[in-house]
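# A look at the structure
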Amino acid sequence: MKPFTYERATSLEQAAKAVASVQGARFIAGGTNLLDLMKLQIETPAHLVDVNRLGLDKIEKTPEGGLRIGALVRNTDLAADATVRRDYAVLSRALVAGASGQLRNKATTAGNLLQRTRCPYFYDTRMPCNKRRPGSGCAALKGISRGLAIIGTSDACIAQHPSDMAVAMRLLDATVETVDAAGGRRAIPIADFHRLPGDTPHVEHTLKPGELITAVTLPRPLGGTHVYHKVRDRASYAFALVSVAAVFGKDGSARFAFGGLAPKPWRVAAADAAAPSGAKAVAEAALAGARPTEQNGFKQGLTARTLASVFRQKEAAA
Amino acid sequence: MTSDHLTRRGLLQGGVAVAATVPALGGASTVAAQPRQEGGRMTPVELTVNGREVHLQLDPRTTLLDALREHLHLTGTKKGCDHGQCGACTVIVEGRRINSCLTLAVMHDGEKVTTIEGLGTPEKLHPMQKAFIVHDGYQCGYCTPGQICSAVAVLDEIEAGVPSHATVDLNKVALSDAELRERMSGNICRCAAYPNIIAAMRNVAGEAKA
Ligand SMILES: Cc1cc2nc3c(=O)[nH]c(=O)nc-3n(C[C@H](O)[C@H](O)[C@H](O)COP(=O)(O)OP(=O)(O)OC[C@H]3O[C@@H](n4cnc5c(N)ncnc54)[C@H](O)[C@@H]3O)c2cc1C
Ligand code: SF4
Ligand code: FES
Ligand code: FES
């Protein structure tokens, strides 16, 4: 690791100010992604601001009947929360499908949303990568791209967003709440939180420098049947090739969000509308305009089959 | 690092096909080997390790794992991958199992850490340590301290109703082999002692119930 200085934040505003005012400063939460990348010198922050002891670890009901999840709530605690298990089961399921028990004990709500891609060339500092070194090229386009995205990509980057939790958050129309260095507050709909790569794949989200995530809020529960189905190379402890989060309403409506397919959690209104026509139609609508590589074209068929399994799980639960 | 260590590490990485291909030996971060560098101001850290209060002066880069092994010489906790992929470094902090390689010691100032050395001693083994011996839950033993710390915490997690990917009913967490296997998937064993590890955990869970 490159040397850095460390401070423990004492208030939200002070934390935001500390990161905004020091060149190359970063927040550290669970550290499970940031430290991993720092050891490989893919991330080289000069200063770390520890936000673990700011009291952002609470889960509470909102006046609107939804849920406010503190940015520092651990993935384990969120998955185990009684309200989440009952009313937002798809989120519990997505969380426990990710990483390992040890990692989930550390990983936080905000850190999970901001975790970086698992593209192999992003990790290999000898290779060109526009996300790691803007303008250096993309080694994945003609390289090993089996796990990478097939939609929402650009000629500059085809990396996938690796999070399971974020897929469920996208399905549930979560909102990301922040505070900035000037004390200003914002609420960002999750649909607008992550950015597609375009010509600037190193810019992954819409936060300003020093903007601190304080919470993620969920609207009122949707009811219905919740399913999260993740397909991966091993039965456990592996990132998704394809994952589907779904909620089926009692009125026959349905909504879907997808992981492993795109640079951000993927959701398309036309896919929800195609639900009455079944899995194949939903997959086609979700992936209209997909541009797979030679190696990851299989994800199209796999998406349809994963959806078929999701429909069967819904039938079984009904 | 000795070449022996390098080999083990290579083996473990080979065994952990996590989607990230980490360049071999990318992240050696043993602070003991490269003391003070510019910018890395030494920071005081207080921990309670296995019931004993310790005061350290650490470069902020020091992981909890390196603090335990290199500074406190508690070498029971192992370094396998140093990237959160193998579980060899699992310890229990404030009652919860974590990968000590992916956290900084300074972040745990004032906290309680339990390592394999603190669970039991050769004279007075923890029930899980005893069960691993009885059920032959290891071969080379490299992953074992992490497996045992994890196994102890897993039984607590099931008791507390924390769900897993193997949980059928989110509101009723059961104790089954499928649950134990899923919850232990963050601990890789190159010797594949898995069935015997599950048997040992079953044994302890049964005793605890009785
Ligand atoms: C071996 C392994 C397997 C994994 N498998 C999976 C998997 O299958 N599925 C999955 O979804 N994930 C997986 N993960 C990733 C894991 O979920 C993430 O590492 C974790 O969620 C990151 O959270 P953290 O709190 O540790 O983040 P950190 O590492 O602390 O931070 C990550 C980023 O977020 C920023 N940040 C943190 N908190 C805030 C805040 N409050 N406001 C603004 N910025 C902030 C940091 O500056 C940093 O840039 C795996 C990780 C490992 C190591
Ligand atoms: S796909 Fe993106 S992350 Fe991967 S090498 Fe290309 S630019 Fe880098
Ligand atoms: S040493 Fe492998 S997980 Fe920490
Ligand atoms: S790695 Fe040898 S006993 Fe597990």
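None of these values were measured; they are calculated from a predicted model.

### Some remarks on the overall build of chain B
Scanning chain B from terminus to terminus reveals seven helices and five strands. What you see in chain B, going N to C, is helices and strands ordered as α-β-β-α-β-β-β-α-α-α-α-α. Residue pairs in contact within chain B that sit at least 24 positions apart in sequence constitute 57% of those at least 6 positions apart. Working note: accessible area of chain B is about 9100 Å², and carbon and sulfur atoms make up 53% of it.

### Section: the sheet that holds strand E1 (residues 5-8) of chain A
All names here are of chain A. Read across the sheet, three strands follow the order E1-E3-E2 without closing on themselves; strand pairing throughout is parallel. Where the open sheet ends on each side, the last strands, each with one partner, are E1 and strand E2 (25-28). In this sheet, neighbouring strand axes are inclined to one another by 25 degrees on average, regardless of whether the strands run parallel or antiparallel. In this sheet, strand E3 (residues 47-50) lies alongside E1 in parallel orientation, the contact comprising four bridges. For Arg 8, the partnering residue across the bridge sits in E3 and is Asp 50. Relative to E2, helix H1 (residues 12-21) is tilted by about 145 degrees, and along the sheet it contacts E1, E2 and E3.

### Focus on empty space enclosed by the protein
Residues and elements named next belong to chain A. Per the stated rule, a full pass over the model turns up five cavities of 30 Å³ or more. Put simply, the largest cavity is a space of about 160 Å³. Along the walls of the largest cavity sit 19 residues, with Lys 131, His 161, Arg 195, Glu 204 and Pro 263 positioned nearest its centre. Classifying every residue of the lining of the largest cavity by side-chain character gives nine nonpolar, six polar and four charged.

### So, the site of ligand 2
Of all residues adjacent to ligand 2, which total 13 residues, the nearest are Cys119(A), Cys129(A), Cys138(A), Cys157(A) and Ile158(A). The residue inventory of the shell around ligand 2, partitioned by class, reads 11 nonpolar, one polar and one charged.

### A word on the packing of aromatic side chains
Residue and element names in this part refer to chain A. In the structure shown here, the tally under the stated rule is four aromatic pairs over all chains. Centre to centre, the rings of Phe 248 and Phe 256 are 5.8 Å apart; their planes meet at 85 degrees, and the pair counts as edge-to-face. Like Phe 256, Phe 248 is buried. Ring geometry for Phe 248 and Phe 311: centres 5.4 Å apart, planes at 70 degrees, overall edge-to-face. Taken together, the residues span a long stretch of sequence, with Phe 248 in strand E10 (residues 242-248) and Phe 311 in helix H12 (residues 298-317) at a distance of 63 residues. In this pair, the class of Phe 248 matches that of Phe 311, namely buried. In textbook terms, an aromatic cluster arises when at least three aromatic residues are bridged by ring pairs, as seen for Phe 248, Phe 256 and Phe 311.

### Quick look at the environment of Lys230(A)
Residue and element names in this part refer to chain A. With respect to the helices and strands, Lys 230 occurs in strand E9 (residues 225-231). C-alpha of Lys 230 to C-alpha of Val 310: the two residues are 80 residues apart in sequence and 9.9 Å apart in space. At 2.7 Å, the side chain of Lys 230 and the backbone oxygen of Ala 97 are in polar contact. Here the side chain of Lys 230 touches Asp 164 through a polar contact of 2.8 Å, side chain to side chain.

### Description of the nonpolar core
Ile69(A), Leu78(A), Leu91(A), Leu113(A), Met169(A) and Leu218(A) are the most contacted members of the largest nonpolar core, which has 50 residues in total. Of all the elements, helix H9 (residues 165-171) of chain A adds the most residues to this core, at six residues. Setting aside chain neighbours within four positions, we find Leu218(A) in contact with Gly66(A), Leu67(A), Ile69(A), Tyr88(A), Leu91(A), Met169(A), Leu172(A) and Ala174(A). In this structure, Met1(A), Tyr237(A), Leu58(B) and Ala88(B) belong to the second largest nonpolar core, which totals 37 residues.

### A word on the UniProt feature "domain: FAD-binding PCMH-type" (unreviewed entry) in chain A
UniProt annotation of "domain: FAD-binding PCMH-type" (unreviewed entry) refers to residues 1-223 of chain A when read in the numbering used here. For residues 1-223 of chain A, the end-to-end C-alpha separation is 47 Å, with 26% helix and 16% strand making up the annotated structure.

### Regarding the site of ligand 1
Close to ligand 1 lie 36 residues, the nearest being Arg26(A), Phe27(A), Gly31(A), Thr32(A) and Thr108(A). More than one chain lines the surroundings of ligand 1; the residues nearby belong to chains A and B. At 3.4 Å, a backbone N or O of Asn112(A) approaches an oxygen atom of ligand 1. Within the side chain of Lys230(A), an N or O atom sits 3.0 Å from an oxygen atom of ligand 1.

### Points about the pattern of salt bridges
Taken as a whole and judged by the stated rule, the model has 28 salt bridges over all chains. Linking Lys79(B) and Asp66(B) is a salt bridge whose minimum nitrogen-to-oxygen distance equals 3.1 Å. One end of the pair, Lys79(B), is in the loop between helix H2 (64-71) and strand E3 (90-93); the other, Asp66(B), is in helix H2, with 13 residues separating them in the sequence. You can call Lys79(B) buried: its relative accessible area is 5%. Residue classification places Asp66(B) among the buried residues on the basis of a relative accessible area of 0%. Salt-bridge contacts for Lys79(B) lead to Asp82(B); the nearest nitrogen and oxygen are separated by 3.6 Å. Across the pair, exposure class does not vary: Lys79(B) and Asp82(B) are buried alike. What emerges from the salt-bridge pattern is a single network uniting Arg26(A), Glu43(A), Arg116(A), Lys131(A) and Glu204(A).

The rules behind these values
Residues numbered from 1 in each chain as written. Chains lettered and ligands numbered in written order. Predicted model: local features only at pLDDT ≥ 70, side-chain atom pairs only at ≥ 80, totals over all residues. Heavy atoms only, no water. Helix = DSSP H or I, 4+ residues; strand = E, 2+ residues; numbered from the N terminus. Contact = heavy atoms within 4.5 Å. Areas by Shrake-Rupley, 256 points an atom, 1.4 Å probe, with all protein chains shown as cover. Pairing = 2+ DSSP bridges. Axes fitted to C-alpha atoms, helices over the stretch in contact; angles between N-to-C directions. 1 Å grid on protein atoms, 1.4 Å probe; cavity = no way out; pocket = protein on both sides within 12 Å on 5 of 7 lines; lining within 4 Å. Points joined across faces, edges and corners; volume = space filled by probe spheres on them. Nonpolar A, V, L, I, M, F, W, Y, C, P; charged D, E, K, R; others polar. Near = heavy atom within 4 Å. Phe/Tyr/Trp six-rings, centres within 6.5 Å; stacked < 30°, edge-to-face > 60°. Buried < 20%, exposed > 50% of the residue type's maximum accessible area, 1.4 Å probe, protein only. Polar contact = N/O pair within 3.5 Å; in protein donor to acceptor, adjacent residues only side chain to side chain. Core = buried A, V, L, I, M, F, W, Y, C linked by side-chain atoms within 4.5 Å. UniProt positions renumbered as here; feature names shortened; annotations may be inferred. Salt bridge = Lys/Arg side-chain N within 4 Å of Asp/Glu carboxyl O.

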